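So you can see what is in the structure, the chains are spelled out below.
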Amino acid sequence: MIKQLGGVSLLALGLSTSVFADHHKEEDMTVYRVFVGDHEAAQVTAFDLNAPEKRWTFATKGQVKLYPIAGQSVIAAVQSFDDQVNFIRSGISFKDHGGHSDIDVTEPSAIQFTLGGARPFHLLEHDGYVSINMDQGGYSVMLNSHELSEGEFQRYDIALNHAHHGVVVPWGKQWLSSVAADKAEEGSLPPRVGIQAVDAKGVATGKMATCTGLHGESFSGEYLALGCKEGVLTVKEGASGPEYKMLPYPDRFPEGEMTGHLIGTKSFQSFFGSYSKKGVVTIDPTAEPAMQLVELPFGRIDFTVDPVKIKYGYVLTEDGRLHRVNLLNAKIEASAQVTEPYSLEGHWNDPRPRLAMAGDEIIITDPNASLIRRISTESLSEIGTIDVEGMPYNITVIGGSGLSH
């Protein structure tokens, strides 16, 4: 059957049906887009890993920490030292179709909306909301993830009991809020003492679960995990609300230390966390023992988990060596030199490398060399570098594979 276009057949136009089909042919596409913040310059630079010569630059107010949100369609640039958050359309979006995902790729662009607040810091996303804590403002800002993906903004502020370096976690129809002590040392924010369920006005609706020094939070499977001095506090949804369980640090762990940064794995229920300056810990809330310690030869610079080879995590240490850690048995399986040494002495925000993942590559910023290093997850060898002006520092990578129509 020949299709008609306004009474004129395709054959009459000199076009065959096969040409028409080719014009709409699907193709597999893999794209990884890198967003990197400079340590000194107030800007974000973006480029595609397979075409790094083409760059996009976005001005900010100050130094940024970068977070992919809203299904990777938006990048949040949190500027803790400059009381502002910028948002960038990543230009990459996915639509799930069960057996496959469609990928749509356009150029990234700045969203003409900035969020102001006193010392924005921790950002997390859960249950369709992005939460950004305003440490010195005494509240967390909630933004709807879907609205963000559409470039729309309607904020909801959840009050904290006191201004502090905390977090509010979207949790179904309620919220979980960190709780600060009523007293603080002069010139300091009050210390965190626990977490509890609150309503939309920040009023407690449940008892506080103790979590002294609460810092570091992440999701994996049905669990939220929080770093505490007493151990790692896990939370899951129960029949009558949040159920809390403290996983104490094993006796063999070095005393006086705690987990302060947690990464949840996406494909199985596990967490990868910091422990002291020279250790990382694997956590499975359902296993016994729940925690296993990996002792490192030098201080830990940064770490991440592999979303493709899901049993692995990677840790960069002060000596410039990258270590592949098996999350299942808590063993270092391989190590390789990837950068010059970087000392942990000095300020916590001094320029040091940061890690991100792009398929079968580990992407590492090397501020002193003004480079992005591409490292094979298989061999831990360098497979390429990308020159970046200035001091590339915080980084995030988004993307993946899909069908392009």
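Everything discussed here concerns the structure shown above.
What comes next concerns the included structure. (Residues numbered from 1 in each chain as written. Predicted model: local features only at pLDDT ≥ 70, side-chain atom pairs only at ≥ 80, totals over all residues. Heavy atoms only, no water.)

Time to look at the sheet that holds strand β14 (residues 139-144). The strand order across the open sheet built from 4 strands is β12-β13-β14-β15, with neighbouring strands paired in antiparallel fashion. Taken across any chain shown, the strands that pair with only one partner, and hence form the sheet edges, are β12 (120-126) and β15 (155-159). Between one strand axis and the next, the sheet turns by 25° as a mean value, whatever way the strands run. By the bridge criterion, 5 bridges tie β12 to strand β13 (residues 129-134) in an arrangement that is antiparallel. Note on β13: the bridge partner recorded for proline 120 is methionine 134. (Pairing = 2+ DSSP bridges. Helix = DSSP H or I, 4+ residues; strand = E, 2+ residues; numbered from the N terminus. Axes fitted to C-alpha atoms, helices over the stretch in contact; angles between N-to-C directions.)

According to the stated counting rule, one finds 11 aromatic pairs in the structure shown. Their ring planes at 50° and their centres at 6.4 Å tell us that phenylalanine 121 and tryptophan 348 sit as a pair that is tilted. Placement of phenylalanine 121 in strand β12 and of tryptophan 348 in the loop between β31 (331-337) and β32 (355-358) is noted, with a sequence separation of 227 residues between them. Both rings, one in phenylalanine 272 and one in phenylalanine 303, keep their centres 5.4 Å apart while their planes meet at 90°; by these two values the pair is edge-to-face. (Phe/Tyr/Trp six-rings, centres within 6.5 Å; stacked < 30°, edge-to-face > 60°.)

With that out of the way, let us pick up the state of the cysteines. Tallied over the entire structure, the rule returns 1 disulfide. Between the sulfur of cysteine 211 and that of cysteine 228 lies a disulfide, 2.0 Å long from S to S. Note on the cysteine 211 and cysteine 228 pair: the S-S dihedral is about -95°, so by sign convention the disulfide is left-handed. In this pair, cysteine 211 is assigned in the loop between β19 (209-210) and β20 (217-220) and cysteine 228 in the loop between β21 (223-227) and β22 (231-238), connecting sequence segments 17 residues apart. Of the two residues, cysteine 211 and cysteine 228, neither departs from the other in class, the shared state being buried. (Disulfide = S-S within 2.5 Å. Buried < 20%, exposed > 50% of the residue type's maximum accessible area, 1.4 Å probe, protein only.)

A volume near 250 Å³ is recorded for the second largest pocket. Lining the second largest pocket are 16 residues, and of these Ala70, Ser73, Ile92, Ser93 and Ser149 sit closest to its centre. For the lining of the second largest pocket, the elements supplying multiple residues, two or more each, are β9 (92-96) and α2 (145-149). Residues of the lining of the second largest pocket, tallied by class, amount to 3 nonpolar, 9 polar and 4 charged. (1 Å grid on protein atoms, 1.4 Å probe; cavity = no way out; pocket = protein on both sides within 12 Å on 5 of 7 lines; lining within 4 Å. Points joined across faces, edges and corners; volume = space filled by probe spheres on them. Nonpolar A, V, L, I, M, F, W, Y, C, P; charged D, E, K, R; others polar.)

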